[in-house]
Amino acid sequence: MSKYIETDRRANLVGSFWMVAAMAAFAVEDVFVKAASKTLPVGQILILFGLGGAFVFACVAIWNQQCLFTSDVVSRPMRLRVLFEILGRLFYVLAIALTPLSVATVILQATPIVVVAGAALVFGETVGWRRWIAILVGLAGVMMIVRPGMDRFSLLSVLAVLGMLGFAGRDLTSRAAPLTLSASVLGLYGFLAVVAAGALYSIWDATPFAWPTVQTTLLLLGAVTFGVVAYFGLMKAMRSGEVSAVTPFRYSRMLFGIAFGMILFDEQLSVSMLTGCGLIVVSGLFLLWRNPRNVRSVGQSIAME
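The structure reproduced in this document is the subject of the present report. (Residues numbered from 1 in each chain as written. Predicted model: local features only at pLDDT ≥ 70, side-chain atom pairs only at ≥ 80, totals over all residues. Heavy atoms only, no water.)

**Some thoughts on helix α11 (residues 252-265)**
With 14 residues, α11 ought to run about 20 Å at 1.5 Å a step, and its terminal C-alpha atoms sit 19 Å apart, in line with that. All of the buried residues along α11 are Ser-252, Arg-253, Met-254, Gly-257, Ile-258 and Gly-261. A positive backbone phi angle near 55° is found at Asp-266, which sits one or two residues after α11. (Helix = DSSP H or I, 4+ residues; strand = E, 2+ residues; numbered from the N terminus. Expected span 1.5 Å × (residues − 1). Buried < 20%, exposed > 50% of the residue type's maximum accessible area, 1.4 Å probe, protein only.)

**Structural notes on empty space enclosed by the protein**
Any empty space left between the atoms is revealed when a probe the size of a water molecule rolls over them. With the rule as written, the count across this model stands at 4 cavities of 30 Å³ or more. The calculated volume of the largest cavity comes to roughly 180 Å³. Along the walls of the largest cavity sit 17 residues, with Glu-29, Asp-30, Arg-89, Tyr-92 and Phe-167 positioned nearest its centre. Partitioned by chemical class, the residues of the lining of the largest cavity number 11 nonpolar, no polar and 6 charged. (1 Å grid on protein atoms, 1.4 Å probe; cavity = no way out; pocket = protein on both sides within 12 Å on 5 of 7 lines; lining within 4 Å. Points joined across faces, edges and corners; volume = space filled by probe spheres on them. Nonpolar A, V, L, I, M, F, W, Y, C, P; charged D, E, K, R; others polar.)

**What about the environment of Val-14?**
Inspection of the secondary structure puts Val-14 in helix α1 (residues 2-36). Judged by its relative accessible area of 36%, Val-14 is partly exposed. Separated by 232 residues in sequence, Val-14 and Val-246 have C-alpha atoms that sit 9.1 Å apart.

**A short note on the packing of helix α4 (residues 101-108) against helix α7 (residues 158-175)**
Axis angle and axis distance: for two packed helices, these are the angle between their axes and the distance between the axes, and together they describe the pair. Contact geometry of α4 with α7 gives a least axis separation of 9 Å together with a crossing angle of 35°. Crossing handedness for the pair α4 and α7: right-handed. Packed against α4, whose contacting residues are Ala-104, Ile-107 and Leu-108, the element α7 presents Ala-160, Val-161, Met-164 and Phe-167 at the interface. A per-class count over the contact of α4 with α7 returns 7 nonpolar, no polar and no charged. (Axes fitted to C-alpha atoms, helices over the stretch in contact; angles between N-to-C directions. Left-handed = near helix turned anticlockwise from the far one by under 90°. Contact = heavy atoms within 4.5 Å.)

Set out below in structure tokens:
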């Protein structure tokens, strides 16, 4: 028995390491995107980033002899998933480009909280009063960061909230997606949705096409590389240890995002932001602890991040 316990602990340790590594890679991806937005329109960034990621996942799917297109790809859950992916990616990249990286990263961590609330409202899952209180506490944390009605409130901060809601909708529809679609195929169409988001925003924004400089091209290649590495790191994390042990380490992304924002972009932290950050983390961990099924759901959804 002790041998099995020791094996589980080792697997959880390995899984936790991969989760932290994946969150660090996601944070570096955000840094590259924010840096590229200084010289390249957001629409173009989305298009080029999406094409790069889609190419990688298409190659992986072909390598594994997986069909890139089936009738399940155009099923209703997948159509909704693509729609939410477009909304989430568009508004989150806009938030990264136009608002402090630390703020956008922290607000994104409220996604699992909204997913649990959405599961109760959409799928009819039972959510007790304790978890509803935790959900409200987490949302209160978001409000403390956004600070509507205060002097320092900016409508731009709503971009991160809209991006978070888009990702929450994507994660909910991912639960209803056909099981015949592999993670690589879902990744492929997720990045194609990023291309669509970029194209739609470029048409609306009507910004002239700008040839990326060598530096901007390297930044975009870095974003794609770290985005793909982060995705596969998540896969490795979810398959190495117990989901309930590995998933809480997703909040390490918040620490990386705050650190990069302060070091690279001279961002400042406020008391309200730190308090809101704490409320989001505490409520999210409580929701994971209260219901193992939610732990599995969140674990599956963050693999699509």
